[in-house]
Protein chains: 4
Amino acid sequence: MKKLTISVLLIIAFAFNVTGQRKTINLPDLPGYVTLKCDFHLHTVFSDGNVWPAVRIDEALRDGLDAIAITDHLEYTPKKDYVPVDFNAAWKIGEKYANERNFILVHGTEITRKMPPGHFNALFIQDANLLAVDSVMDAYEAAIKQGAFLQWNHPGWKSQEPDGIPKLYPIHMNLLEKGWIHGIEFFNDNEYYPLVLTFCKQYNLAVMGNSDNHGVISEDYQKPAWPNRPMTLVFAKSRTSDALKEALFAGRTLVYFGDKIAGKEEYAKPFFYLCISVGKSYGENEKSIFFEVTNKSDVPFYLVNGIPEAPSSIYLTANSVTRVVLSKKVTSPLIYDVKNIMTGENEMLKIELKY
Amino acid sequence: MKKLTISVLLIIAFAFNVTGQRKTINLPDLPGYVTLKCDFHLHTVFSDGNVWPAVRIDEALRDGLDAIAITDHLEYTPKKDYVPVDFNAAWKIGEKYANERNFILVHGTEITRKMPPGHFNALFIQDANLLAVDSVMDAYEAAIKQGAFLQWNHPGWKSQEPDGIPKLYPIHMNLLEKGWIHGIEFFNDNEYYPLVLTFCKQYNLAVMGNSDNHGVISEDYQKPAWPNRPMTLVFAKSRTSDALKEALFAGRTLVYFGDKIAGKEEYAKPFFYLCISVGKSYGENEKSIFFEVTNKSDVPFYLVNGIPEAPSSIYLTANSVTRVVLSKKVTSPLIYDVKNIMTGENEMLKIELKY
Amino acid sequence: MKKLTISVLLIIAFAFNVTGQRKTINLPDLPGYVTLKCDFHLHTVFSDGNVWPAVRIDEALRDGLDAIAITDHLEYTPKKDYVPVDFNAAWKIGEKYANERNFILVHGTEITRKMPPGHFNALFIQDANLLAVDSVMDAYEAAIKQGAFLQWNHPGWKSQEPDGIPKLYPIHMNLLEKGWIHGIEFFNDNEYYPLVLTFCKQYNLAVMGNSDNHGVISEDYQKPAWPNRPMTLVFAKSRTSDALKEALFAGRTLVYFGDKIAGKEEYAKPFFYLCISVGKSYGENEKSIFFEVTNKSDVPFYLVNGIPEAPSSIYLTANSVTRVVLSKKVTSPLIYDVKNIMTGENEMLKIELKY
Amino acid sequence: MKKLTISVLLIIAFAFNVTGQRKTINLPDLPGYVTLKCDFHLHTVFSDGNVWPAVRIDEALRDGLDAIAITDHLEYTPKKDYVPVDFNAAWKIGEKYANERNFILVHGTEITRKMPPGHFNALFIQDANLLAVDSVMDAYEAAIKQGAFLQWNHPGWKSQEPDGIPKLYPIHMNLLEKGWIHGIEFFNDNEYYPLVLTFCKQYNLAVMGNSDNHGVISEDYQKPAWPNRPMTLVFAKSRTSDALKEALFAGRTLVYFGDKIAGKEEYAKPFFYLCISVGKSYGENEKSIFFEVTNKSDVPFYLVNGIPEAPSSIYLTANSVTRVVLSKKVTSPLIYDVKNIMTGENEMLKIELKY
């Protein structure tokens, strides 16, 4: 007889921060694409963040992300008395580090202006120094010349929009006409802006979700309250930087934070159906039949507004099988709204359970 | 702007014990079989346990099991002044309850004698009362007549074998000759008996792992110390009671507890290779190449005894991708022992990583 | 050099359910009294609960309680086909078990009737069988003859009061006139009834808070969502059953659940001031002074409605020291409402921070 | 009726990193002293660490520490291409930040040489630049001239002492003669060096325990495996930098990590007795009496080597009351070794339970 008090591996798992490992986030790939988990808004000691660039890559690997952009401010560098301004520093430090870890680092920066136009991230650039110019339009133009993807950050941030409502000012309309806005943040840290879905659908932009983290990810998104940081799910043709860029310009994204998914219905609908499978009914009694719904993903789904006689709501726990008891009186299709998948400013995804 | 403090679903998940849900245990199916997760040794208030039979089914559903047997003692009923002896009570209470939940309840009982022969569970019986007889051989015979699978429980339990070493006494040899032992417990609660692997290989028996729980599973196997209770993984042709029984008699099992797997190599080897996938090498520097190993299962694997120049050990975290940095000097196959897969009394599973 | 991977004691703490131990709940004693933590409403297999009586005592010890009452239903015994009706069973099983553990078991039962009058617990009885009579008034009288404390349970339970509002029906008025209601539940499981504070103040009754648990406490009140079950804090002259009874009849209680305290101001106010201490101001800058507030208790306090120029709210984390930055413009007393201490149907406790 | 799903405060506690708060570490003060919890060995981006100095103070406040020293390497500055060398940078950044938070920041640096003499921290200095000189003895002398406390770091670190055993080389003997070693690390991160207790007792030095952290404390010491980082408990006359310095030079310390305490018996013994209290015996049966031991501290104690007939070991869970069942045959004093209080290289603290 041997006592298995706690075995070697569990001790290892508890005691150490095992590095060089990337946890699996259970989310489906859409047909023809791989789902890349990305955070395109992060800060380091090279602007007003508190950590070294390599920390951002280590955090993202551990959390199961595929790509990040480090986007230090061009116009706000409060640590410059100790850390000289170098807008490409994080990229230079991180590029090789990321490559050796099979991780995509996107070269980025944050053009940090008053509203309007507010803050914008330039992603997939070559040289951030060329964007450090007085005129904001010149800065955007310098980014565009480098082939950058321009993301409008936290458009309803209360420090810049006291009512919290994003607004399209003339400069935004001008940028949209030029094709110089490619995506807008719906999630920024623990805020979200429902109106962004309307803008993105109207102007065919990518819906973005990012952490904008300045501190330590694991402290700012503590489990179980926050199972993950805000992230952009990008449906890319392959797991490369180029494919990521192509997918972003094509607007193939959803955003994910906590237990909420948001984005365009054309991606949200197949995404949901790939997360779940509905079993055959397996038994019955005089009043009811039973069937099971398997949720293979890390996202719980909360089905609401059930039809008469059907359960009014069903909670599909993540990575679990849920039993549904259905009255024999129900003959219509089992239509539900998915409360935590937002497809419009005031819209939930509508789905059907086919058992 | 809206603040996502904590959204509705997370509150639900925290605050309630959502019932009617079965979490997914990530373990592969072997080709042609489904992997049923089972606990064939549990007690209730009908012998010396502290909970009602329905609790056993609820616990098992929540933990992602497919089948349990409630096996109250025939010969030890300390609560009989308050709960009259009824050896089939748990079965009668639980049968319909399990069926409506798509769950397999196995009718069982524990024949509870001094060593030798010790304690035996009779599984897949029809009437436990017929086994409540004086002679232990008569009890076994009554079980065999009902088509029972006979499992020798905790053969090295210190209360019955002070040195903790299981022994085959004449009565066991007699039973083996008659074909009246079909499986032996390797795991019982937090004990394990390495010699059981030798016995099971020699006599072609099923290796069994069970909790033998008398209290509350969630209190006795608290996370993170114990990610799961001890369980028997049965490779069955389908998810039915009959298929489960067929698989047990055929000896198609592994056992799983904490981070340890044990059993016959013929099942352990394909099981391991179905848990992991090895990626192509994705980069290199002057000294090393890199590749990734994905562990798609809930079991971490600890590879040890690496060949010269290769990493001496590799820890494959559960549900994670592990990066391996390999010296260019290595040209031989990457052979490892899997420290936490036991295939014999002193044997670990030997595997190769093909990248 | 030695590596402290994980030391022996931590392994013990993880791996086992150490029994015979009572955790300390950090709550202050009021002057002249000890604060007894109690749950006066619990069920077992002897009515419609799912566990054995000893489990209730083990759970309470582990959770740091001083006293419980097991209060199985007189009129609802759905397990009677398997467990014969014995209204004193839990008491007989638990009395010696509790004594040897320095734990107070209160002999109780639940008189379970339709509303009105609803469900009542009789506590500190001698023989529950004498209360199993047809007329509910006879049942109360039998309890009173035994010196019982009568507690009105969940008066706003939706199954009996569809609008969730407790109501004083003629039978309740009659009972109040006779002095046959001694306490009312404010907390019952995860419900609470604000109006109970009004009733208790008007009729000078004890405010009660209990779990009414039928399953397993540790599963139904999982950390971190629920740091504790609902409980009644009784300010007793000593830690004995007699002193507990005296204090209940005198109405010296508060109730505590999650992060909420409720009860009469005469107990809530000194309780709050004994939980915290305010330090001297320790520094200043041109605009502000600093001081610290130490919260020595397990209850966080959320101070709201601050005076102009002072922080509008202050969150005093449990078992922590909180720094307050105070504008030099503030000259008035620092008055706050304690949002999570309810002293009336629509009343929060008002306090002053004296630094 | 209201449902308390999860109340406001719990949501706050989950969702945010509440800042400006210091958790209480439950450890007793020795008579005449306050117990200051300190970490005298920490790195930042100004040498080879990965975080900004303010992070070190925030981490320490949150963890309940009273003082830290940031001790960046003088001789190892791998980030100097991006962060210019400034040996006083962390002090300049942190001094005011600490003062406003009622926190003690000790000005320090690490003199980083090959073994012998190995690495030394100079604490309570005025100008680290004056220590950046070629000769190590000159560096020490410069520190001593500033009134520094000199701490020998990780004397058995395998990178410098392959056998893990600390050794007193001639240069150490020379330093001891001059009085230039004032303390030695017993704990450094998750290593410890038993021989340090011998050295500290022989030469009357302070026993030190520190984290030597380069990353993020909350990631490197994750609960529950590590309830705290390694720390030095300093018994100071008051909570000031001067009193802290006086106490260190006087050698009034213990060290604490995980569940282990180490140090000189003169401090360990009163410390233990102030952590626990033993109640009167409260009952008996024919064979045994019962009494309770209350452990008011955050440190569990594991009593071993009990006298005949007494329990051979007793586990006193932190912040808990433990019941002891004692045979009536025991008449001698209840002597135990405290397994997790080390008072010498091979010595545990010996104590008596007086009930």
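Chains are numbered independently. Their residues run from 1 in the order of the written sequence. Each chain gets a letter, beginning with A, and each ligand a number, beginning with 1, in the order they are written. Local features in this predicted model are restricted to residues whose pLDDT is 70 or higher, and side-chain atom pairs enter the listing and the counts only when it is 80 or higher, whereas totals over whole chains, interfaces and linings include all residues. Hydrogens and water molecules were not included; the side-chain quantities draw on all heavy atoms of the structure.

## Structural notes on the overall build of chain A
At step 1: Along the backbone of chain A there are nine helices and 21 strands.
At step 2: Atoms counted for the radius of gyration: C-alpha only. Globule rule: 2.2 Å times residue count to the power 0.38. In terms of overall dimensions, chain A is globule-like: its C-alpha atoms have a radius of gyration of 22 Å, near the 20 Å expected for 355 residues.
At step 3: Its C-alpha atoms give chain A principal-axis dimensions of about 75 × 65 × 35 Å.
At step 4: Residues classed as buried in chain A amount to 61% of the 355 residues present.
At step 5: Contacts were defined at the residue level, with two residues in contact if any of their heavy atoms lie within 4.5 Å. Long-range contacts, defined as pairs at least 24 residues apart, comprise 64% of the intrachain contacts of chain A with a sequence gap of at least 6.
At step 6: A total of about 13,000 Å² of accessible surface is found on chain A, and carbon and sulfur atoms cover 51% of it.
At step 7: In this count, Lys and Arg are taken as positive residues and Asp and Glu as negative ones, while His and the chain termini are left out. Where a charge sits is defined by one atom per residue type, namely NZ (Lys), CZ (Arg), CG (Asp) or CD (Glu). Taken as two groups, the 37 positive and 41 negative side-chain charges of chain A have centres that lie 7 Å from each other. Counting from the N terminus, the helices are DSSP H or I runs at least four residues long and the strands are E runs at least two residues long. Note on exposure labels: buried denotes an accessible area under 20% of the residue type's maximum, exposed denotes more than 50%, and partly exposed covers the range between, all computed with a 1.4 Å probe on protein chains only. Only the protein chains shown count as cover for residues, and all accessible areas are computed by the Shrake-Rupley method using a 1.4 Å probe.

## Description of the relation of the copies chain C and chain B
At step 1: Mapping chain C onto chain B is achieved by rotating through 180° and translating by 0.0 Å along the same axis, at an RMSD of 0.0 Å. What the superposition gives is, in effect, a two-fold axis relating one chain to the other.
At step 2: By residue overlap, the copies meet face to face through one surface: 100% of the interface positions of chain C are interface positions in chain B. Superposing the copies works by least squares over the C-alpha atoms of residues that have pLDDT at least 70 in both of them.

## Here we look at unusual backbone geometry
At step 1: In this structure, Pro224 of chain A follows Lys223 of chain A across a cis peptide bond, with omega equal to -5°.
At step 2: Of note, His154 of chain B is a non-glycine position whose phi angle comes to about 25°, a positive value.
At step 3: Note that His154 of chain B resides in the loop between strand S7 (149–152) and helix H5 (170–178).
At step 4: One non-glycine residue, Asp189 of chain B, adopts positive backbone phi at about 50°.

## A closer look at the interface of chain C and chain B
At step 1: With 27 residues of chain C at the contact, the number on the chain B side is 27 residues.
At step 2: Salt-bridge detection follows one rule: a side-chain nitrogen of Lys or Arg within 4 Å of a carboxyl oxygen of Asp or Glu. The interface formed by chain C and chain B contains two salt bridges.
At step 3: A salt bridge links Arg62 of chain C to Glu219 of chain B; the shortest N-O distance between them is 2.9 Å.
At step 4: A 3.5 Å cut-off defines polar contacts: any pair of N or O atoms within that distance qualifies, except that in protein one atom must be a possible hydrogen donor and the other a possible acceptor, and neighbouring residues in sequence count only when both atoms are side-chain atoms. In this assembly, chain C and chain B are joined by six residue pairs in polar contact (both at pLDDT 80 or more).
At step 5: Only helix H1 (8–15), helix H2 (53–63), helix H3 (89–99) and helix H7 (217–220) of chain C provide two or more residues apiece to the side of chain C that touches chain B.
At step 6: When residues are sorted by character, Ala, Val, Leu, Ile, Met, Phe, Trp, Tyr, Cys and Pro go into the nonpolar class, Asp, Glu, Lys and Arg into the charged class, and all the rest, Gly among them, into the polar class. Partitioning the side of chain C that touches chain B into residue classes produces 16 nonpolar, five polar and six charged.

## Regarding the packing of aromatic side chains
At step 1: The aromatic pairing rule takes the rings of Phe, Tyr and Trp, using the six-membered ring of Trp, and pairs them if the centres are within 6.5 Å, calling planes under 30 degrees apart stacked, those over 60 edge-to-face and the rest tilted. Using the criterion set out here, one finds 72 aromatic pairs over all chains in the structure.
At step 2: Ring geometry for Phe46 of chain C and Trp52 of chain C: centres 5.4 Å apart, planes at 50°, overall tilted. Each member of the pair, Phe46 of chain C together with Trp52 of chain C, is buried.
At step 3: Members of the aromatic cluster, joined through ring pairs, are Phe186, Phe187, Tyr192, Tyr221, Trp226 and Phe257 of chain A.
At step 4: For a Lys NZ or an Arg CZ to count as sitting over a ring, it must be within 6 Å of the ring centre and within 35 degrees of the ring normal. When the ring centre of Tyr97 of chain C is taken as origin, the NZ or CZ atom of Arg101 of chain C, which lies over that ring, is 3.6 Å away.

## Observations concerning the pattern of salt bridges
Oppositely charged side chains can pair when the atoms bearing their charge come close.
At step 1: If you walk through the whole model with that rule in mind, you get 72 salt bridges over all chains.
At step 2: For the salt bridge of Glu284 of chain A with Lys328 of chain A, the shortest nitrogen-to-oxygen distance reads 2.5 Å. A residue pair is termed long-range when its members are at least 10 positions apart, and Glu284 of chain A in strand S15 (residues 283–284) and Lys328 of chain A in the loop between strand S19 (320–327) and strand S20 (334–344) qualify at 44 residues.
At step 3: Here the salt bridges share partners, and the residues they tie into one network are Asp39, Arg62, Asp63 and Arg229 of chain A together with Glu219 of chain D.

## Quick notes on helix H2 (residues 53–62) of chain B
Since one α-helical turn is 3.6 residues long, residues separated by three or four positions face the same way.
Residue and element names in this part refer to chain B.
At step 1: Burial analysis of H2 places eight of its ten residues in the buried class, the great majority of the element.
At step 2: Within H2, burial applies to Pro53, Ala54, Val55, Arg56, Ile57, Glu59, Ala60 and Leu61.
At step 3: Looking one or two residues beyond H2, the residue adopting positive phi is Gly64, at roughly 85°.

## Thoughts on helix H4 (residues 136–145) of chain A
All names here are of chain A.
At step 1: Of the positions making up H4, those classed as buried are Val136, Met137, Ala139, Tyr140, Ala142 and Ala143.
At step 2: Two or three places before Met137, at the opening of H4, Ser135 has a side-chain oxygen 3.2 Å from that residue's backbone nitrogen.
At step 3: Just past H4, the residue Gly147 takes up positive phi, approximately 80°.

## A short note on the pairing of strand S3 (residues 34–39) of chain C
Regular strands place side chains that alternate from one sheet face to the opposite one.
Residues and elements named next belong to chain C.
At step 1: S3 sits mainly inside the fold: five of its six residues count as buried.
At step 2: In the sheet, S3 pairs with strand S11 (residues 231–236) via five bridges, with the strands oriented antiparallel. What sits directly across from Thr35, in S11, is Phe235.
At step 3: Where S3 lies against strand S4 (residues 67–70), two bridges are found, and the strand directions are parallel. Paired with Asp39 across the bridge in S4 is Ile68. In this description, strands pair whenever DSSP reports at least two bridges between them.

## Side note on the confidence of the model for chain A
All names here are of chain A.
At step 1: Of all residues in chain A, 94% attain a pLDDT of 70 or more, and the chain-wide mean is 94.
At step 2: Ignoring residues within four places in sequence, the model shows residues 5–9, a span with pLDDT below 50, making 21 contacts including any to other chains.
At step 3: The model gives residues 13–18 a pLDDT under 50, and that stretch makes 19 contacts with residues more than four places away or in other chains.
At step 4: Across the assembled chains, the prediction reports ipTM 0.93 with pTM 0.95. A residue's pLDDT is the predictor's confidence in that residue, given on a scale from 0 to 100.

## As for the packing of H2 of chain B against helix H3 (residues 89–99) of chain B
All names here are of chain B.
At step 1: Lines fitted to C-alpha atoms define the axes, with helix axes restricted to the stretch in contact, and inter-axis angles between N-to-C directions lie between 0 and 180 degrees. Close contact between H2 and H3 brings their axes to 8 Å; oriented N to C, the two are set at 40°. In terms of orientation, H2 and H3 fall into the oblique class. Between H2 and H3 lies a crossing whose hand is right-handed. Here Pro53, Ala54, Ile57 and Asp58 of H2 lie close against H3, whose contacting residues are Ala90, Ile93, Gly94, Tyr97 and Ala98.
At step 2: Looking at side-chain class alone, the contact of H2 with H3 contains seven nonpolar, one polar and one charged residues. Roughly parallel covers angles under 35 degrees, roughly antiparallel covers those over 145, roughly perpendicular covers 65 to 115, and oblique covers all other angles. For any pair of crossing helices, the crossing counts as left-handed if the nearer helix is rotated counterclockwise from the farther one by less than a right angle, and right-handed if it is rotated clockwise.

## A short note on the environment of Thr322 of chain B
Residue and element names in this part refer to chain B.
At step 1: Structurally, Thr322 can be placed in strand S19 (residues 320–327).
At step 2: Residue classification places Thr322 among the buried residues on the basis of a relative accessible area of 5%.
At step 3: C-alpha separation for the pair Thr322 and Thr294, spaced 28 residues apart in sequence, amounts to 6.3 Å.

## Structural notes on the state of the cysteines
At step 1: Two cysteine sulfurs form what is called a disulfide whenever their separation falls within 2.5 Å. Counted according to the given criterion, the structure contains zero disulfides over all chains.
At step 2: Free of any disulfide, Cys275 of chain C has its nearest neighbouring cysteine sulfur in Cys38 of chain C, separated by 17 Å.
At step 3: When its relative accessible area of 1% is taken as the criterion, Cys275 of chain C is described as buried.
At step 4: Here Cys200 of chain D stays free of any disulfide, with the sulfur of Cys38 of chain D as its closest cysteine sulfur at 16 Å.

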